[in-house]
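Given next are the chains, with one letter for each unit.
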Amino acid sequence: LVLEQGYKQTLFSGVDVSRDTYGSQQRNVAFRVLDCVHALHEVTGMVHCDIKPDNFLHVLGYFRLIDFDSAIEDDSVTSDVFEGYTDEYISPEHAFAQHNKCQLKVTRALDVWACGLVLQEIFTGEALFGDDQSKLPAKLAEAGTYSRVDEIVRERLDEAWRGKRETAKYSG
């Protein structure tokens, strides 16, 4: 058995949002994250189901996606809403299935949602829902419809960017 040695670096190690005015560091990290997830989907046909910053390990200049405990085959249907996911990165359909104790069709969309939340953190340095991130599953499950989920996300993005514009206005 041969294992690679990983380094205890996060996705955000070495990325200084305030000094990288063109976002090249963030784009590089984002590309690596998306490349890992794309490879998992295309090569194995599996859905990770627990995409989050902590599940990317830095190895010899590359990121590796780790922790496949909750991985499941794409297009599977499960009535057993699995454990091992992280609440802060749960997708709307997973939250709805968990809340209503109904079947969940596992597709790549679960990972795509989580990737979007990770990308938000890479480019802004903040979680989309900030301190309320742990309340995300309940918010999504209660929303019930995709149009309401869109409203929730749009409201939060507007708040976040409004705050950034205000900060930029007073710091420049």
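Residues numbered from 1 in each chain as written. Predicted model: local features only at pLDDT ≥ 70, side-chain atom pairs only at ≥ 80, totals over all residues. Heavy atoms only, no water.

S.K.: How should the overall build of the protein be read in this particular structure?
M.R.: The secondary structure content of the protein amounts to five helices and six strands. Evaluated residue by residue, the protein yields a buried proportion of 38% over its 172 residues. Residue pairs in contact within the protein that sit at least 24 positions apart in sequence constitute 64% of those at least 6 positions apart. Entry remark: accessible area of the protein is about 10500 Å², with carbon and sulfur atoms responsible for 51%. (Helix = DSSP H or I, 4+ residues; strand = E, 2+ residues; numbered from the N terminus. Buried < 20%, exposed > 50% of the residue type's maximum accessible area, 1.4 Å probe, protein only. Contact = heavy atoms within 4.5 Å. Areas by Shrake-Rupley, 256 points an atom, 1.4 Å probe, with all protein chains shown as cover.)

S.K.: Would you explain the nonpolar core in this entry?
M.R.: Side chains of a nonpolar character, in soluble globular proteins, are inclined to be buried together. Ranked by size, the top nonpolar core spans 21 residues in total, and within it Leu11, Val33, Ile51, Phe56, Leu65 and Val118 carry the most contacts. Mapped onto this core, the elements with two or more residues apiece are helix 1 (24-44), strand 3 (62-65), helix 3 (109-124) and helix 5 (146-171). Not counting residues within four places of it along the chain, the set of residues in contact with Ile51 comprises Val37, Phe56, Leu65, Tyr89, Asp111, Ala114, Cys115 and Val118. Within the second largest apolar cluster, six residues are counted, among which are Cys49, Leu104, Val106 and Leu110. (Core = buried A, V, L, I, M, F, W, Y, C linked by side-chain atoms within 4.5 Å.)

S.K.: Got a minute to help me understand the layout of surface pockets in this structure?
M.R.: Any empty space left between the atoms is revealed when a probe the size of a water molecule rolls over them. Of the volumes computed, that of the largest pocket is approximately 160 Å³. Contributing to the lining of the largest pocket are Arg32, Asp35, Cys36, Ala39, Gly61, Tyr62, Phe63 and Arg64. Ranked by residues supplied to the lining of the largest pocket, first place goes to helix 1 with four residues. Broken down by class, the residue content of the lining of the largest pocket amounts to four nonpolar, one polar and three charged. (1 Å grid on protein atoms, 1.4 Å probe; cavity = no way out; pocket = protein on both sides within 12 Å on 5 of 7 lines; lining within 4 Å. Points joined across faces, edges and corners; volume = space filled by probe spheres on them. Nonpolar A, V, L, I, M, F, W, Y, C, P; charged D, E, K, R; others polar.)

S.K.: Would you take a moment to explain helix 1 for this structure?
M.R.: At 3.6 residues per turn, the α-helix brings residues three or four places apart onto the same side. Over its 21 residues, helix 1 runs 30 Å from end to end, which matches the ideal 30 Å to within 8%, given 1.5 Å per residue. The set of residues buried in helix 1 consists of Gln26, Val29, Ala30, Val33, Cys36, Val37, Leu40 and His41. The arc that holds the buried residues of helix 1, viewed along the axis, is 125°, so those residues lie on one side. When the buried face of helix 1 is taken as reference, the exposed residues oriented beyond 90 degrees from it are Phe31 and Val43. Buried residues along helix 1 sit against strand 1 (46-47), strand 2 (56-59), strand 3 and helix 3. Two residues or fewer after helix 1 comes Gly45, characterised by a positive phi angle close to 70°. (Expected span 1.5 Å × (residues − 1). Arc of directions from axis to C-beta.)

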